[in-house]
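Coordinate inspection notes
Given next are the chains, with one letter for each unit.
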Amino acid sequence: MNFDERQPILSFRDLRKSARILDVLTVAYFPIYGLSQRDFFRMYPTLAYMEALVYRADSHVEAWQAASSPSGTPPWEVMKREMLEFAAAQGLESGLLHRYIHEQARYYESETAFLRQSEPTEEGLMTAQALRPSDLRIQHSLLLELSGREGNPDVFAALAPMEVWAEINDDLGSYEADIERDHFNTLRTLTAIHGAAAADVVTGILKTCEREFFHQLRKLPATTQTVITESLAAFHQHIPPTAVPQPVLEASATSEV
């Protein structure tokens with residue numbers, strides 16, 4: 001039986017949610033490498049399939065985290081195996097891709113451990129946050145391999161702080177909804193730790209991400225710096241920075257993602 005005949009079943013929800021990451025990829029990452037809309041559609045089946053696997057795992061991880069005594073193989077291990085099998089079947093062998101597949105699994109594992117802590121810490125939160133954009137890094141690795149380009153670790157290092165910034169910015173936009181749904185949110189967790197001062201704390205974290213981005217960017221050639229800066233400007237125009245909401249002091253912060 002070939003891979004196509006035994007591939008996991010993906011839902012419309014998985015594919016729909018994957019479109020959010022593919023949107024970011026085409027706006028902010030394709031221009032860095034001079035890739036076009038035509039390139040996107042050539043790569044689309046692989047990009048969409050891999051991202052949908054992440055969102056399928058997302059729902060399974062949520063159920064695992066909500067269970068009082070989960071049993072069986074952790075869903076992040078299932079996702080990792082499926083991704084690596086698919087990559088092998090498609091001849092995708094880059095070290096970067098394999099690294100970020102493993103880091104996506106580590107993110108789910110570290111997030112689960114963090115959410116089970118009786119008293120969350122900012123250090124634990126930021127450890128998970130550093131791994132949180134691993135799915136975008138998987139997509140970045142894929143577009144490089146599918147377009148026949150070599151990955152530059154310094155480019156990944158420069159983009160990493162702004163990828164974390166984007167995740168936190170996304171949480172700010174969904175803050176009120178996440179409180180209503182009792183879902184994980186960066187600001188909710190920081191409010192549980194710091195109280196009303198959480199707004200200043202998250203602002204400081206965002207500024208630290210920006211400083212680290214420019215620090216890493218200066219290590220790249222001038223032409224690469226220009227291209228990345230232009231791509232980031234396009235991203236911010238596409239998805240503007242979100243104002244930090246006023247923290248809501250809850251009886252207890254959520255432990256569900």
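These notes cover the structure that comes with them. Nothing here was measured: the structure is a model prediction, and the numbers come from that model. (Residues numbered from 1 in each chain as written. Predicted model: local features only at pLDDT ≥ 70, side-chain atom pairs only at ≥ 80, totals over all residues. Heavy atoms only, no water.)

Further remarks concern the overall build of the protein. Across its full length, the protein holds eleven helices and zero strands. Along its sequence from the N terminus, the protein presents helices and strands in the succession α-α-α-α-α-α-α-α-α-α-α. Principal-axis analysis of the C-alpha atoms gives the protein an extent of 50 × 50 × 25 Å. Of the roughly 12700 Å² of accessible surface on the protein, 52% is carried by carbon and sulfur atoms. Positive and negative charge centroids in the protein, built from 22 and 36 side chains respectively, lie 3 Å apart. (Helix = DSSP H or I, 4+ residues; strand = E, 2+ residues; numbered from the N terminus. Areas by Shrake-Rupley, 256 points an atom, 1.4 Å probe, with all protein chains shown as cover. Lys, Arg positive; Asp, Glu negative; His and termini not counted. Charge placed at Lys NZ, Arg CZ, Asp CG, Glu CD.)

Glancing now at the packing of aromatic side chains. On inspection of all chains with the given rule, the structure shows eight aromatic pairs. For the ring pair Y100 and F156, a centre distance of 5.4 Å and an interplane angle of 10° mean the geometry is stacked. Of this pair, Y100 sits in helix α4 (residues 95-115) while F156 is found in helix α7 (residues 153-173), placing the two residues 56 residues apart along the sequence. On the basis of relative accessible area, Y100 is assigned to the buried category, the value being 4%. With a centroid separation of 4.9 Å and 65° between ring planes, the pair formed by F213 and F214 is classed as edge-to-face. (Phe/Tyr/Trp six-rings, centres within 6.5 Å; stacked < 30°, edge-to-face > 60°. Buried < 20%, exposed > 50% of the residue type's maximum accessible area, 1.4 Å probe, protein only.)

Quantified by volume, the largest pocket comes out at close to 670 Å³. For the largest pocket, the lining is made up of 23 residues, of which K17, Y55, D58, R132 and D170 are closest to its centre. In terms of residue class, the lining of the largest pocket is built from seven nonpolar, three polar and 13 charged. When its volume is computed, the second largest pocket comes out at roughly 320 Å³. What lines the second largest pocket is a set of 20 residues, among which V24, L136, M162, A166 and F235 lie closest to the centre. Of all the secondary structure elements, the ones that give two or more residues to the lining of the second largest pocket are α1 (12-29), α7 and α11 (222-238). (1 Å grid on protein atoms, 1.4 Å probe; cavity = no way out; pocket = protein on both sides within 12 Å on 5 of 7 lines; lining within 4 Å. Points joined across faces, edges and corners; volume = space filled by probe spheres on them. Nonpolar A, V, L, I, M, F, W, Y, C, P; charged D, E, K, R; others polar.)

The next point concerns the nonpolar core. M50 and L143 are the most contacted members of the largest nonpolar core, which has 72 residues in total. Ranked by residues supplied to this core, first place goes to helix α2 (residues 37-66) with 13 residues. (Core = buried A, V, L, I, M, F, W, Y, C linked by side-chain atoms within 4.5 Å.)

Following both chains from N to C, one finds α4 and helix α6 (residues 134-146) inclined at 165°, their axes separated by 8 Å at the closest point. Comparing their axes, α6 and α4 come out roughly antiparallel. At the point where α4 passes α6, the crossing takes the left-handed sense. Residue-level inspection shows L96, L97, Y100, I101, E103 and Q104 of α4 in contact with α6, the latter providing S134, D135, R137, I138, S141, L142 and E145. By residue class, the composition of the contact of α4 with α6 is six nonpolar, three polar and four charged. (Axes fitted to C-alpha atoms, helices over the stretch in contact; angles between N-to-C directions. Parallel < 35°, antiparallel > 145°, perpendicular 65-115°, else oblique. Left-handed = near helix turned anticlockwise from the far one by under 90°. Contact = heavy atoms within 4.5 Å.)

We now examine the pattern of salt bridges. Opposite charge on two side chains permits them to pair, given that their charged atoms come into close proximity. Counted according to the given criterion, the structure contains 13 salt bridges. For E103, the salt bridge identified is with R106, shortest N-O distance 4.0 Å. With E103 and R106 both in helix α4 and three residues apart, the pair spans about one turn of that helix. You can call E103 buried: its relative accessible area is 12%. Under the relative-accessibility criterion, R106 is labelled partly exposed at 45%. Each of R99, E103 and R106 takes part in salt bridges that share partners, so that together they form one network. (Salt bridge = Lys/Arg side-chain N within 4 Å of Asp/Glu carboxyl O.)

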